[in-house]
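Chain by chain, the residues:
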Amino acid sequence: MSARPAGGRVLVAGVGNVFLGDDGFGVETARVLAGRPLPGHVEVLDVGVRGVHLAYQLLDGYDTLILVDATARGGPPGALYVIEPGSVPAPDPQGAPPDGHRMTPDAVFALLGTLCAGTGGRPPRRTLVVGCEPACVAEGMGLSGPVSDAVPKAVRLVEDLLGASREPEPRPPAREAAN
């Protein structure tokens, strides 16, 4: 099975809280990616902790979402993972309203399912998570050494997933989700 996204619009979304150490991995990786030549059908978005904005952004119609985030899976700090989660979960009509600054990716996907059901929109056909094993997610700014060292590797990994190393094209500039 190839992990490479197949055609269509792609959103690369860096998520995480820069005030919690290594949780800022996705945001830093998105920042670096935004300065790189990527195919024209690829957008890079620094989502940070604004999960509600990510759900609404996805309503714009993307074939593939690449979510970049700190992902604790038990490996050594700085280890990178490519995870292909299942489909978007069904909305939970009895669930509490989402807190826009404390949404996990699962909560974003659940909200997206609700939004798609209400608008007739479609979630991305495919979602990939490029995760990095954190060393420390305690209060404080800045990435630990192993996670900081993993950022350029994650950038190359995302570029490989996109096939960007073969045919760079102009693309819209990166943007940050509104607060």
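Scroll up to find the structure this text is about.
For the structure given in this document, a descriptive report is provided here.

## As for the overall build of the protein chain
Thought 1: The helix and strand tally for the protein chain stands at 4 helices and 6 strands.
Thought 2: Element order for the protein chain, N to C, with α for helix and β for strand: β-α-β-α-β-β-α-β-α-β.
Thought 3: Total accessible area computed for the protein chain in this model is approximately 9000 Å², and 55% of it derives from carbon and sulfur atoms.

## Re the pairing of strand S4 (residues 80-83)
Here is the key point about a regular strand: its side chains alternate between the two faces of the sheet.
Thought 1: Alternating residues of S4 divide into Tyr81 and Ile83, all buried, and Leu80 and Val82, none buried.
Thought 2: Both S4 and strand S5 (residues 126-132) contribute to a ladder of 4 bridges, which runs antiparallel. When the bridges of S5 are listed, Ile83 appears paired with Val129.

## Quick notes on the packing of helix H1 (residues 25-34) against helix H4 (residues 145-162)
Thought 1: Contact geometry for H1 and H4: axes closest at 9 Å, N-to-C directions at 55 degrees. Compared by their axis directions, H1 and H4 come out oblique. The handedness of the crossing between H1 and H4 is right-handed. Within the contact between the two elements, H1 uses Phe25, Glu28, Thr29, Val32 and Leu33 and H4 uses Val147, Ala150, Val151, Ala154, Val155, Val158 and Glu159.

## Section: the pattern of salt bridges
Thought 1: Applying the stated rule across the entire model yields 5 salt bridges.
Thought 2: Residues Arg9 and Glu43 are paired through a salt bridge, measuring 2.6 Å at the closest nitrogen-oxygen approach. You can see Arg9 sitting in the segment before strand S1 (10-15) and its partner Glu43 sitting in strand S2 (residues 42-48), a full 34 residues away along the chain.
Thought 3: Between Arg126 and Glu84 there is a salt bridge, with the nearest N and O atoms lying 2.7 Å from each other. Of this pair, Arg126 sits in strand S5 while Glu84 is found in the loop between S4 and helix H3 (105-119), placing the two residues 42 residues apart along the sequence.

## Brief notes about the nonpolar core
Thought 1: Core analysis: the biggest nonpolar cluster contains 21 residues, and Val12, Ile66, Val158 and Leu162 have the highest contact counts within it.
Thought 2: At 8 residues, the largest contribution of residues to this core is made by H4.
Thought 3: Judged by nonpolar contacts, the second largest core, of 13 residues, contains Val15, Leu45, Tyr62 and Leu65.

## Some details on the side chain of Ser144
Thought 1: As for its placement among the helices and strands, Ser144 is situated in the loop between S5 and H4.
Thought 2: If near-sequence neighbours (up to four positions away) are discounted, Ser144 is found in contact with Asp22 and Ala135.

## Side note on the packing of aromatic side chains
Thought 1: Taken as a whole and judged by the stated rule, the model has 0 aromatic pairs.
Thought 2: For Arg9, the ring lying beneath its charged end belongs to Tyr62, and the centroid distance is 4.2 Å.
Thought 3: Arg73 extends its terminal NZ or CZ atom over the ring of Tyr81, reaching a point 5.5 Å from the ring centre.

## Describing H1
Thought 1: All buried positions along H1 are accounted for by Phe25, Gly26, Val27, Thr29, Ala30 and Leu33.
Thought 2: The elements touched by buried residues of H1 are S1, S2, strand S3 (64-70), S4, S5 and H4.

## Some points on the environment of Glu133
Thought 1: Its location among the elements puts Glu133 in the loop between S5 and H4.
Thought 2: Judged by relative accessible area, which is 6%, Glu133 ranks as buried.
Thought 3: Contact partners of Glu133, with chain neighbours within four places excluded, come to Thr71, Ala72, Arg73, Gly74, Gly75, Pro76, Pro77, Gly78, Ala79, Tyr81 and Val147.
Thought 4: Here Arg73 takes part through its backbone nitrogen, which lies 2.8 Å from a polar atom of the side chain of Glu133.

## A short note on the pairing of S3
Thought 1: With 7 of 7 residues buried, S3 is to be regarded as a mostly interior element.
Thought 2: Of the two faces of S3, both are covered, the one formed by Thr64, Ile66, Val68 and Ala70 as well as the one formed by Leu65, Leu67 and Asp69.
Thought 3: Taken together, the 7 bridges between S3 and S5 define a ladder with parallel strand orientation. The residue of S5 that forms the bridge with Ile66 is Leu128.

Scoring rules and cut-offs
Residues numbered from 1 in each chain as written. Predicted model: local features only at pLDDT ≥ 70, side-chain atom pairs only at ≥ 80, totals over all residues. Heavy atoms only, no water. Helix = DSSP H or I, 4+ residues; strand = E, 2+ residues; numbered from the N terminus. Areas by Shrake-Rupley, 256 points an atom, 1.4 Å probe, with all protein chains shown as cover. Buried < 20%, exposed > 50% of the residue type's maximum accessible area, 1.4 Å probe, protein only. Pairing = 2+ DSSP bridges. Axes fitted to C-alpha atoms, helices over the stretch in contact; angles between N-to-C directions. Parallel < 35°, antiparallel > 145°, perpendicular 65-115°, else oblique. Left-handed = near helix turned anticlockwise from the far one by under 90°. Contact = heavy atoms within 4.5 Å. Salt bridge = Lys/Arg side-chain N within 4 Å of Asp/Glu carboxyl O. Core = buried A, V, L, I, M, F, W, Y, C linked by side-chain atoms within 4.5 Å. Phe/Tyr/Trp six-rings, centres within 6.5 Å; stacked < 30°, edge-to-face > 60°. Lys NZ or Arg CZ within 6 Å of the ring centre and 35° of its normal. Polar contact = N/O pair within 3.5 Å; in protein donor to acceptor, adjacent residues only side chain to side chain.

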